[in-house]
Amino acid sequence: MEYFKGIEKIVYEGPKSSNDFAYRHYDADEIVLGKPMKEHLRFGLAYWHTMTNGGNDPFGDAVNERTWVENDPMVTAINRVDAFFELLEKLGVEYFCFHDVDIAPQGNSLEEFFENLDVITDLMKEKMAQTGIKLLWNTANLFTHPRFLNGGATSNNADVYAYSAAQVKKGLELSKKLGGQNYVFWGGREGYESLLNTDMNLELDNMARFFKMAIAYKKKIGHDVQFLIEPKPKEPTTHQYDFDAATSLAFLQKYDLQDDFKLNLEANHATLAGHTFEHEIAVANTYNALGSLDANQGHPLLGWDTDEFPTNLMDVTLAMVEVLDAGGIAPGGINFDAKVRRTSFAMDDLVLAHIAGMDTFARGFKAAIKLKEDKFFTNLKEERYASFKSGIGKEIIDGTTDLESLAAYAMEHQDITNKSGHIEIVKSKLNDYIY
Ligand code: XLS
Ligand code: NI
Ligand code: NI
């Protein structure tokens with residue numbers, strides 16, 4: 001059965017094409033920096049937004065036209081696999097991501113849920129073998145069901161903690177079965193609503209214990225998968241422990257977990273934390289901790305995680321500059337953790353939205369390469385930090401100064417002149433690379 005009827009495989013037609021169902025910038029096989037563009041960008045589709053989401057919002061019911069939905073939830077789940085792989089193939093996307101609850105009905109018990117997961121992942125495995133499509137990452141949903149109202153690994157209820165462990169154990173087994181390249185922990189409710197009744201130390205210690213058990217289990221089953229933490233400052237919880245990259249890295253270091261985890265950074269989570277996407281990637285880079293990206297964008301006028309498809313070329317370009325600095329994203333990827341707007345409810349909107357996101361990333365990637373080739377940022381920074389290249393600056397870098405020698409130097413050089421950064425013209429020149 002064909003779900004995306006009348007849509008052929010999307011191909012690259014170049015910037016002049018007026019065909020909406022074509023790539024104008026993303027040319028999967030174009031050799032860039034020595035390898036095909038698709039190997040740099042490693043695009044992934046998110047099961048939850050693309051297949052499971054109905055388009056509901058707090059004020060409105062589901063609107064999305066999704067021809068795979070039937071009355072029997074297991075039939076729907078099976079149809080979804082077919083439709084999902086059809087979409088992946090038509091878009092030419094080679095990776096995907098899912099939460100356990102996205103792909104299979106939970107039934108009335110863990111046993112039933114796990115059986116359903118086995119059936120669906122059997123189907124996925126077949127499709128993956130036929131198409132060469134790969135699992136970028138999976139994760140356990142420890143936030144939607146009412147039992148998780150106080151979180152999973154940071155719940156005050158030990159039975160919930162154990163339940164969460166059962167889901168993660170199963171998730172790691174499924175990751176091994178499907179050859180998953182990463183495994184994500186997003187602490188959807190790992191945080192607190194009020195400090196008045198929260199034992200933060202106990203909760204953080206428990207979260208670390210949980211991660212150590214997960215590391216032990218992946219080793220036990222012989223599955224060498226990269227673990228990722230996905231920071232987000234708030235929503236649904238008022239205060240989330242994995243607030244941003246810096247906070248997550250401090251947690252990892254405090255509990256000596258830094259060798260086993262990297263970060264999965266999401267654009268809209270960065271902006272919710274009051275940062276830019278490129279800031280979060282740059283922070284991860286300073287700790288060699290860039291793992292993968294969740295590509296989307298927030299709305300500048302709305303204060304929540306709107307998960308729009310990324311179409312802001314400047315933001316994407318600056319993020320890709322940081323990815324290039326990191327030496328690439330593999331074994332991570334660029335996962336579209338993005339959903340179509342409620343007004344884009346048609347089936348073909350799923351195709352068009354991903355084309356828009358992929359074309360934006362292809363353009364941003366090319367602009368980032370050009371900026372690198374022209375040493376745009378390198379030259380700016382070299383000039384700005386020139387005082388550390390020689391004289392007292394070089395001595396500071398070489399580690400041959402102390403407070404006394406610097407104080408003596410300062411006595412002789414009190415007449416300080418600063419140079420203007422001319423940031424306005426820098427921004428104007430940057431525009432030349434983008435538009
Ligand atoms: C929610 C998160 C979620 C994670 C996976 O805001 O982005 O979708 O990526 O649990
Ligand atoms: Ni995400
Ligand atoms: Ni998100």
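Parameters and conventions
- Residues numbered from 1 in each chain as written.
- Chains lettered and ligands numbered in written order.
- Predicted model: local features only at pLDDT ≥ 70, side-chain atom pairs only at ≥ 80, totals over all residues.
- Heavy atoms only, no water.
- Helix = DSSP H or I, 4+ residues; strand = E, 2+ residues; numbered from the N terminus.
- Rg over C-alpha atoms; globule rule 2.2 N^0.38 Å.
- Buried < 20%, exposed > 50% of the residue type's maximum accessible area, 1.4 Å probe, protein only.
- Contact = heavy atoms within 4.5 Å.
- Areas by Shrake-Rupley, 256 points an atom, 1.4 Å probe, with all protein chains shown as cover.
- Donors = N, O, S within 2.8 Å, 3.2 Å for Na, K, Ca; no water.
- Pairing = 2+ DSSP bridges.
- Near = heavy atom within 4 Å.
- Polar contact = N/O pair within 3.5 Å; in protein donor to acceptor, adjacent residues only side chain to side chain.
- Nonpolar A, V, L, I, M, F, W, Y, C, P; charged D, E, K, R; others polar.
- Axes fitted to C-alpha atoms, helices over the stretch in contact; angles between N-to-C directions.
- Phe/Tyr/Trp six-rings, centres within 6.5 Å; stacked < 30°, edge-to-face > 60°.
- Lys NZ or Arg CZ within 6 Å of the ring centre and 35° of its normal.

(A) Seen up close, the overall build of the protein. Scanning the protein from terminus to terminus reveals 16 helices and 12 strands. Here the protein has a C-alpha radius of gyration of 24 Å; the compact-globule value for 435 residues is 22 Å, and the two agree. C-alpha atoms of the protein, sized along the principal axes, occupy 80 × 60 × 45 Å. Relative to its 435 residues, the protein shows a buried fraction of 49%. Considering only contacts within the protein whose residues lie at least 6 apart along the sequence, 75% involve residues at least 24 apart. Surface accessibility of the protein: about 21,500 Å² in total, with carbon and sulfur atoms responsible for 52%.

(B) Examining the coordination of the nickel ion (ligand 3) more closely. For the nickel ion (ligand 3), the full set of protein donor atoms is Glu266 (OE), His269 (NE2) and Asp305 (OD), and the range of their distances to it is 2.1 to 2.5 Å. In primary-sequence terms, the residues that donate to the nickel ion (ligand 3) follow E-x2-H-x35-D. A separation of 3.8 Å is found between the nickel ion (ligand 3) and the nickel ion (ligand 2), which share Glu266 as a coordinating residue. Taken together, the residues span a long stretch of sequence, with Glu266 in strand β10 (residues 261-266) and Asp305 in the loop between β11 (290-295) and α11 (313-325) at a distance of 39 residues. Judged on exposure class, the residue Glu266 and its partner Asp305 are both buried.

(C) A look at the pairing of strand β8 (residues 226-229). Where strand β6 (residues 182-185) lies against β8, 4 bridges are found, and the strand directions are parallel. Bridging from a neighbouring strand, Val184 pairs with Leu228 of β8.

(D) Up close: the site of ligand 1. Around ligand 1, the surrounding shell consists of Trp48, His99, Trp137, Trp186, Glu230, Lys232, Glu266, His269, Asp294, Asp305 and Asp337. A distance of 3.3 Å separates an oxygen atom of ligand 1 from a polar atom in the side chain of Trp48. Within the side chain of Asp305, one N or O atom sits 2.9 Å away from an oxygen atom of ligand 1. Isolated, ligand 1 exposes 290 Å² of accessible area, and the fraction of that covered by the protein chains is 94%. Its residues assigned to classes, the shell around ligand 1 comprises 3 nonpolar, 2 polar and 6 charged.

(E) The sheet that holds strand β4 (residues 95-99), seen in detail. Strand order in the closed barrel formed by 8 strands is β3-β4-β5-β6-β8-β10-β11-β12, and the pairing between neighbours is parallel. Each strand axis lies, on average, 30° off the axis of its neighbour in the sheet, ignoring direction. Bridge count between strand β5 (residues 134-139) and β6: 2 bridges; the pairing is parallel. Within the sheet, the bridge partner assigned to Trp137 lies in β6 and is Asn182. Contacting β6, β8 and β10, helix α7 (residues 200-220) crosses the sheet at an angle of about 160° to β8. Lying on the sheet, helix α12 (residues 347-373) is in contact with β3 (43-46), β11 and β12 (334-336); it crosses β12 at an angle near 150°.

(F) Geometry of the packing of aromatic side chains. The tally for this structure, following the rule as stated, stands at 30 aromatic pairs. Here the aromatic rings of Tyr3 and Trp68 are separated by 6.3 Å at their centres, their planes lie at 70°, and the arrangement is edge-to-face. Taken together, the residues Tyr3 in the segment before β1 (31-32) and Trp68 in the loop between α2 (47-52) and α3 (73-91) connect sequence positions 65 residues apart. Taking the relative accessible area as the measure of exposure, Tyr3 reaches 8% and is therefore buried. Trp68 sits in the buried class, given a relative accessible area of 0%. Considering the side-chain rings of Tyr23 and Tyr26, the 5.3 Å spacing of their centres and the 85° angle between planes classify their relative orientation as edge-to-face. What makes Tyr23 buried here is its relative accessible area of 2%. By way of ring pairs, the aromatic residues Tyr183, Phe185, Phe211, Phe227, Phe251, Tyr255 and Phe261 are connected into one cluster. The aromatic ring of Tyr163 is capped on one face by Arg147, whose charged end is 3.8 Å from the ring centroid. Sitting over the face of the ring of Phe227, Lys218 holds its NZ or CZ atom 4.5 Å from the ring centroid.

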